[in-house]
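Here is how the chains run, residue by residue.
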Amino acid sequence: MGDVSGFHFQVVAALIFMIGALGVLVRRNIIVMFMSIELMLNAANLSLVSFSREIGNDQGQIFAFLVMVVAAVEVAVGLAIIISLVRNRDTVNIEDTSQMKW
Amino acid sequence: MATSTVFVAIFLFALVLLAFAPVMTWVERKQSALMQDRIGANRASILGFKALGLIHPLADVIKMITKEDTVPTGAHRLLHFISPFIAVVPAIISFAVIPYGGVYEMWGAHVSLTVADLDYGVLYVFAVGSIATYGSMLAGWAGNNNFGMLGSIRVSAQMISYEVALGITVVGLFMIFGTLKLSDMGVLQQETFRLFGFLEHFGWVAPDTKWIDWITIPMWGIVLQPLPFFMFLTALMAENKRAPFDTPEGESEIVAGYFIEYSGMKFGLYMMGEWIEVVVIAALLTAMFLGGWSIPWLREADMISGLTPILGENMANLAAMLLAVHVFLIKVIVLIFFQMLIRWSMPRFRYDQVMNLGWKILLPLSLANIVITALGILIVQEVTH
Amino acid sequence: MRTALFWVFSAAAVLSALGVIGNVRTPINSALSLVVSMLALAGLYVLLEAQFVGLIQVMVYAGAIVVLFLFVIMLLNLRGSGAIGAETQPIMKAIGALVAGGATLWLVRTLAAGRAPWPDVDDGFGTTRAIGEALYTDYVLSVQVAGVLLLAGIVAAVVLAKKKID
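Residues numbered from 1 in each chain as written. Chains lettered and ligands numbered in written order. Predicted model: local features only at pLDDT ≥ 70, side-chain atom pairs only at ≥ 80, totals over all residues.

### Details of the overall build of chain C
Phase 1 of the analysis: From N to C terminus, chain C includes 6 helices and 0 strands.
Phase 2 of the analysis: From first element to last, N terminus to C terminus, chain C shows the α and β order α-α-α-α-α-α.
Phase 3 of the analysis: Overall, the C-alpha framework of chain C stretches about 55 × 50 × 30 Å when taken along its three principal axes.
Phase 4 of the analysis: The buried share among the 166 residues of chain C stands at 34%.
Phase 5 of the analysis: Sequence separation of at least 24 residues holds for 61% of the intrachain contacts in chain C that already meet a minimum separation of 6. (Helix = DSSP H or I, 4+ residues; strand = E, 2+ residues; numbered from the N terminus. Buried ≥ 20, exposed ≤ 12 C-beta atoms within 10 Å, placed from the backbone. Contact = placed C-beta atoms within 7 Å.)

### Structural notes on the overall build of chain A
Phase 1 of the analysis: Assigned secondary structure in chain A consists of 3 helices and 0 strands.
Phase 2 of the analysis: For chain A, the succession of helices and strands along the chain, N to C, is α-α-α.
Phase 3 of the analysis: The C-alpha atoms of chain A give a radius of gyration of 17 Å, which is well past the 13 Å a tight globule of 102 residues would have.
Phase 4 of the analysis: Oriented by its inertia axes, the alpha-carbon framework of chain A measures out at about 55 × 25 × 25 Å.
Phase 5 of the analysis: Looking at the 102 residues of chain A, the share that counts as buried comes to 53%. (Rg over C-alpha atoms; globule rule 2.2 N^0.38 Å.)

### Let's talk about the interface of chain C and chain B
Phase 1 of the analysis: Contacts between chain C and chain B engage 15 residues on the former and 17 residues on the latter.
Phase 2 of the analysis: The leading source of residues in the side of chain C that touches chain B is helix 3 (residues 51-75) of chain C, at 12 residues.
Phase 3 of the analysis: Considered class by class, the residues forming the side of chain C that touches chain B number 11 nonpolar, 4 polar and no charged. (Nonpolar A, V, L, I, M, F, W, Y, C, P; charged D, E, K, R; others polar.)

### Observations concerning the pairing of strand 2 (residues 103-106) of chain B
Put simply, side chains in a regular strand alternate between the two faces of the sheet.
All names here are of chain B.
Phase 1 of the analysis: Summarising the sheet, strand 2 and strand 3 (residues 109-112) pair through 4 bridges and their orientation is antiparallel. Counted as the bridge partner of Val 103 is Ser 112 from strand 3.
Phase 2 of the analysis: Here strand 2 hands over to strand 3 after 2 residues, with Trp 107 in that stretch at a positive phi of 50 degrees. (Pairing = 2+ DSSP bridges.)

### Looking at the confidence of the model for chain C
Residue and element names in this part refer to chain C.
Phase 1 of the analysis: With 90% of its residues at a pLDDT of 70 or more, chain C has an overall mean of 85.
Phase 2 of the analysis: Model confidence for chain C, summarised as mean pLDDT per element, is weakest for helix 4 (residues 90-111) at 78 and strongest for helix 2 (residues 27-47) at 93.
Phase 3 of the analysis: With a pTM of 0.89, the predicted complex shows an ipTM of 0.91. (pLDDT = per-residue confidence, 0-100.)

### Regarding the environment of Ser 161 of chain B
All names here are of chain B.
Phase 1 of the analysis: Assignment of secondary structure puts Ser 161 in helix 5 (residues 146-169).
Phase 2 of the analysis: Owing to 20 C-beta atoms within 10 Å, Ser 161 belongs among the buried residues under this scheme.
Phase 3 of the analysis: For the pair formed by Ser 161 and Asn 356, sequence separation is 195 residues and the distance between their alpha carbons is 10.0 Å.
Phase 4 of the analysis: Aside from chain neighbours lying at most four places away, what touches Ser 161 is Met 355, Gly 358 and Trp 359.

### Considerations on the interface of chain A and chain C
Phase 1 of the analysis: At the interface, 64 residues of chain A touch 71 residues of chain C.
Phase 2 of the analysis: Residue assignment for the side of chain A that touches chain C shows that the elements contributing at least two residues are helix 1 (6-26), helix 2 (30-55) and helix 3 (59-89) of chain A.
Phase 3 of the analysis: Here the side of chain A that touches chain C gets 20 residues from one element, more than from any other, and that element is helix 3 of chain A.
Phase 4 of the analysis: When the residues that make up the side of chain A that touches chain C are grouped by side-chain class, the tally is 40 nonpolar, 16 polar and 8 charged.

### Examining the domain arrangement of chain C
Phase 1 of the analysis: As assigned here, chain C comprises domain 1 (1-81) and domain 2 (124-166).
Phase 2 of the analysis: When grouped by side-chain class, the residues that make up the side of domain 1 of chain C that touches domain 2 of chain C number 2 nonpolar, 1 polar and 1 charged. (Domains from an automatic or database assignment.)

### Quick look at the nonpolar core
One recurring pattern in soluble globular proteins is that nonpolar side chains are buried together.
Phase 1 of the analysis: Counting residues in each nonpolar core, the largest one holds 168 residues, and the members touching the most others are Ile 16 of chain A, Leu 285 of chain B together with Ala 31, Leu 44 and Val 66 of chain C.
Phase 2 of the analysis: Sequence-distant contacts of Ala 31 of chain C, that is, excluding residues within four places in its chain, are made with Met 35 of chain A together with Val 66, Phe 69, Leu 70 and Ile 73 of chain C. (Core = buried A, V, L, I, M, F, W, Y, C linked by C-beta atoms within 7 Å.)

### Focus: the arrangement of the chains
Phase 1 of the analysis: Ranked by contact count, the leading pair among the 2 pairs of chains in contact consists of chains A and C.
Phase 2 of the analysis: No interface is formed between chain A and chain B, the nearest pair of C-alpha atoms being 13 Å apart.

### Considering the environment of Asp 117 of chain B
Residue and element names in this part refer to chain B.
Phase 1 of the analysis: As for its position among the elements, Asp 117 is in the loop between strand 3 and helix 4 (121-142).
Phase 2 of the analysis: C-beta crowding within 10 Å serves as the criterion here: with 20 such atoms nearby, Asp 117 is assigned to the buried category.
Phase 3 of the analysis: Each C-alpha atom, one on Asp 117 and one on Ala 96, is 8.0 Å from the other, the two residues being 21 residues apart in sequence.
Phase 4 of the analysis: Each residue touching Asp 117, except ones within four places of it in the same chain, is listed here: Ser 112, Lys 181 and Ser 183.

### Some words on unusual backbone geometry
Residues and elements named next belong to chain B.
Phase 1 of the analysis: Notably, Asp 37 is not glycine yet its phi reads approximately 60 degrees, a positive angle.
Phase 2 of the analysis: Residue classification places Asp 37 among the exposed positions, given that 6 C-beta atoms sit within 10 Å.
Phase 3 of the analysis: Positive phi, normally seen in glycine, also occurs at Lys 241, with a value near 60 degrees.
Phase 4 of the analysis: Relative to the helices and strands, Lys 241 is located in the loop between helix 11 (226-240) and helix 12 (265-289).

### Some details on the confidence of the model for chain A
Phase 1 of the analysis: This prediction gives chain A a mean pLDDT of 88; 97% of its residues lie at or above 70.
Phase 2 of the analysis: Per-element averaging of pLDDT across chain A places helix 1 of chain A at the bottom with 88 and helix 2 of chain A at the top with 93.

### Notes on the packing of helix 5 of chain B against helix 3 of chain C
Phase 1 of the analysis: Where helix 5 of chain B contacts helix 3 of chain C, the axes come no closer than 11 Å and their chain directions differ by 150 degrees. On the basis of the axis angle, helix 5 of chain B is roughly antiparallel to helix 3 of chain C. In the crossing of helix 5 of chain B with helix 3 of chain C, the sense of the turn from one axis to the other is left-handed. The residues of helix 3 of chain C that touch helix 5 of chain B, namely those facing Met 149, Ser 152, Ile 153, Ser 156 and Ile 160 of chain B, are Ala 64, Val 67, Phe 71, Met 74 and Leu 75 of chain C.
Phase 2 of the analysis: Each residue belonging to the contact of helix 5 of chain B with helix 3 of chain C can be placed in one class, and the counts come to 8 nonpolar, 2 polar and no charged. (Axes fitted to C-alpha atoms, helices over the stretch in contact; angles between N-to-C directions. Parallel < 35°, antiparallel > 145°, perpendicular 65-115°, else oblique. Left-handed = near helix turned anticlockwise from the far one by under 90°.)

### Thoughts on the packing of helix 2 of chain A against helix 2 of chain C
Phase 1 of the analysis: Running from amino to carboxyl end, helix 2 of chain A crosses helix 2 of chain C at an angle of 5 degrees, the nearest separation of the two axes being 11 Å. For the element pair helix 2 of chain A / helix 2 of chain C, the angle class is roughly parallel. Along the contact surface, helix 2 of chain A presents Ile 31, Val 32, Met 35, Glu 38, Leu 39, Asn 42, Leu 46 and Val 49 of chain A, while helix 2 of chain C presents Pro 27, Ser 30, Ala 31, Leu 34, Ser 37, Met 38, Leu 41, Leu 44 and Tyr 45 of chain C.
Phase 2 of the analysis: Taken together, the residues that form the contact of helix 2 of chain A with helix 2 of chain C break down as 13 nonpolar, 3 polar and 1 charged.

### Comments concerning the environment of Leu 18 of chain B
Phase 1 of the analysis: Note that Leu 18 of chain B resides in helix 1 (residues 7-35).
Phase 2 of the analysis: For the pair Leu 18 of chain B and Ala 51 of chain B, spaced 33 residues apart in sequence, the C-alpha to C-alpha distance is 19 Å.

What follows is the structure in C-alpha cells.
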C-alpha cells in the first residue's frame, strides 16, 4: 500500500473518536448522544484492526469482533432504556432527566 | 489470480439479470392464471402479434415511466428519492458471487464463470441483504403517512427477525463442506457417496460386494441437509417480503403498506427488486443445495477428460461450459416456478404468525440442526477411519 | 489504487461522522450518516486485510444496530426534534470544536512517533477460517462469555421495553 502507513489509519481513528466525544459532550438529544457513543466504539475498533495489521497478528481482529458483540448488546439495552425514558417523560432532551442532580 | 477472463461471467450476469427481470412479470401473470384456471393477461400486442402475453412487460414499463412521479408534502425528499435504489441495488449486486459454472481453460484463457469468486461468498450475500432492509424501512417513513409508517415498522421487524434464522440455518452446510466459497461448493457437490457403505464398515456384508458400489448418491446439499433447505427457503422468502410473508405490503389491510406514497417507476423499482430477489434466491439455493451447475452422477472433470480425445481440449471445455450454464439456468427456473407456486397457493400470514415462525420455530430448529450435523460429522469421521 | 481507496473511505468516514453530530434537523439524518460512516469503516477494514471483521461490520453494525436506531426513532415518532436548547448556542459549539481539535492534534503528535513499514502477511490472514479457528480454540472462553452477555442483554431489553400490564 504505497504511502499509506498505519499512522494514517490511527489518525482517522483519532479523528472519528474525537468527533464522537464531541457529540456526546455537546448534543442534548439522547438518540444522537447514543449514536456518538457508537462512533467512539467504531473508532476504537478501527485502531485495533489497524494495529493488528501492523503487527501481523490476528488478536486485534478478534478483540474488535468481541467489541462488536458488546456494542450490539449495549445498543439493545440502551435503546430499551431510551424507549422507557421517552415514554415516561415524553421528551428526548437529556437535560429534562436531571432530577438526581443536586 | 492468473489471467482470468470474467467477460463471459459479466455477460451472463447481465443476460440473466436483464432477461429475467421483466420476464418475471409475465411468469407471475401466466403461472397464476394457469393455477387459477383462467387465461391471464393477453391483450397487449404489437402489430397484431400477441406473443403469449410477453408484450405486457413492455407495456408495463412504458406505463410506469410515463406516470407522474408524486412526492407528498411534508415528505423527506432525499429519502423518498433514494429508498427504491437502496431496495434494488442489494438484489442486483448479490449476483456477483453466484457461480454459473466452474473454471475452464480454453484457447489459453482461464475463464471463470463467477463474476467475483470471493472466499466468503455466502457471507457477502448476507451482508448485502441486510442493507436491503433500509430500502423498505425508510420508504414508509419518508412518505409522511400513517399507513406507510405501520408498514415500515412491520417490515423492519420481519426482516431483521429472519436475518437471524437465515445465517444460522446454513451453518450446518458450511460445516460439512468446509468452505464459504460458492464455486467450491459446486465442485464438492459433484462427489458421490455410497448409500449402503455403512454396511461394509460395520462388517455386516463381505468386503467385496459389488452392488454396494453401484448405489451412489451425489453429495448435493439437499441430500446432506434436507430440512435446512426448506428452512433456508422460508427465511429467504420472508426476507423478500413476498407472499405468504407480505404482511408489510398488506394489500387488503393497510393499502400497500410501506410503498403507499410511491407511484410510477419508483414503485416499479420496488417490484423489480422483489422479482430480481426471487431469481437471486433461486440461484443461491441452486448453488448451495441443488448441485450448482452439474448433472448428478457426472463429474465435470471426468466429462472434460473424456471429451478431450474426441473434440480437442478447447472444444471439450467449451462444451462443458455451455452444458454447465444450461443446467444451472434450468435448475434456477425450476426453483422460480416453485416459489411462484408457493406465492399463489398460500394465504398471507398474520403478523404474529410471521414472528412466531421466525423466532419460535426456525431459530430453535436451526440450532438443533447445527448440533445434529456436528454429531453426524463426528460419527462419519469415526466410522471411516 | 489502494491509496486512492483509503483516501475515499477515510474522507467518507470522517465527513459522515461530522454529519452524525452536526445534524440539526431530524435524528433520522444522523442515523443515515451513521450508516454511511459504518460502511466506510467496513471498506477500511477490508483494506487492512480484515475481511471477516469488515463483513461482520456490515452485517451487524450497518445492517442491524443502525436498523434498531431507526426502528426506535420511528416507534417514538421523533420527527424534527434534532437540536434542543443548549446545543444551538454558538459559543458552546466553538469551545467544543476548539477542545476537540486540540485533543486530536495532541493525539496525532503522540502517534507520529512510531512509523514502521507493514510486515507481509500470508493469504490466510484475516479470513473467516483463521478467525474461526482462533476464536474456537484459543479464545473459546471469550466466545462463551459473549454468549452469556448476549443472553443477559436480550432478557434485559425485553423486560425494559415491555409496557406495564396492570
